[in-house]
Amino acid sequence: MAGVVESVGEGVTGFKRGDEVYGMTGGVGGVPGSLAEYAAVDNRLLAIKPSRLSMREAAAIPLSFITAWEGLVDRAHVGEGKTVLVQGGAGGVGHIAVQLAVALGAKVFATGRAAQFPLLAGYGTTPIDFTTLTVEEYVREYTGAEGFDIVFDTVGGEILDDSFRL
């Protein structure tokens, strides 16, 4: 969610009325989600919204980040020395996953279309054009046919099947 603080509870010092914030208000851990005009929110689940982001952009970040974090950090233990392929690296969850893996020291590759290459390269990845290379070709070209240590698939379907082969 993203919104404007209307009031703060007793003991809350990090926020004040009028602050633009974003974060998670629910939708996880059995707590209802944030589909309301007003919400009482645990201040530990909020942060000040970056001024350069719109409310819509800021609201999209928390769930995408949690998804990428759980897959790459909690489950796959991404880090230095790992090679990571993010299927759909320019997408909603993919662009967060790419940046997270790069920040944690992995060597990151990301599939996308040629038009997305400048964006993907800007995140510190090696872009792979899935429209011109087969899975076998890009595994051979980028890993010496060894395969990637971690494959994070944000696309599904046939791409998920390909990911298992990687």
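The shown structure was predicted, so the numbers you read here are calculated from the model rather than taken from an experiment.

Basis of the calculations
Residues numbered from 1 in each chain as written. Predicted model: local features only at pLDDT ≥ 70, side-chain atom pairs only at ≥ 80, totals over all residues. Heavy atoms only, no water. Core = buried A, V, L, I, M, F, W, Y, C linked by side-chain atoms within 4.5 Å. Buried < 20%, exposed > 50% of the residue type's maximum accessible area, 1.4 Å probe, protein only. Helix = DSSP H or I, 4+ residues; strand = E, 2+ residues; numbered from the N terminus. Contact = heavy atoms within 4.5 Å. Arc of directions from axis to C-beta. Pairing = 2+ DSSP bridges. Axes fitted to C-alpha atoms, helices over the stretch in contact; angles between N-to-C directions.

Another aspect to go through is the nonpolar core. Counting residues in hydrophobic clusters, the biggest one holds 17 residues, and the most contacted among them are Leu 72, Val 78, Val 84, Val 86, Ala 101 and Val 108. Among the secondary structure elements, those contributing two or more residues to this core are helix H1 (55-75), strand S4 (83-87), helix H2 (94-103), strand S5 (107-112) and strand S7 (150-153). Among the elements that make up this core, the one with the highest residue count is H2 (five residues). Those residues within four positions of Val 84 in sequence are excluded, and the remaining contacts are Leu 72, Val 78, Ala 101, Ala 106, Lys 107, Val 108, Phe 109, Phe 148 and Ile 150. The next biggest cluster of nonpolar side chains, apart from the first, holds eight residues, and it includes Leu 85, Phe 109, Phe 148 and Leu 166.

Residues separated by three or four positions in an α-helix point in the same direction, a consequence of the helix having 3.6 residues per turn. When we look at burial in helix H4 (residues 135-143), the residues that qualify are Val 135, Tyr 138, Val 139 and Thr 143. All buried residues of H4 lie within an arc of 105° about the axis, which places them on one face of the element. Those residues of H4 that are exposed and aimed more than 90 degrees away from the buried face are Arg 140 and Glu 141. On its buried side, H4 packs onto S4, S5, strand S6 (126-129) and helix H5 (158-165).

Strands sit in the order S6-S5-S4-S7 across an open sheet of four strands; the sheet is parallel. Of all strands in the sheet, those bounded by a partner on one side alone are S6 and S7. Between one strand axis and the next, the sheet turns through 20° on average, direction left out of account. Relative to S5, S4 runs parallel, the two sharing four bridges.

Honestly, that's just the spatial picture; any functional story needs more than this.
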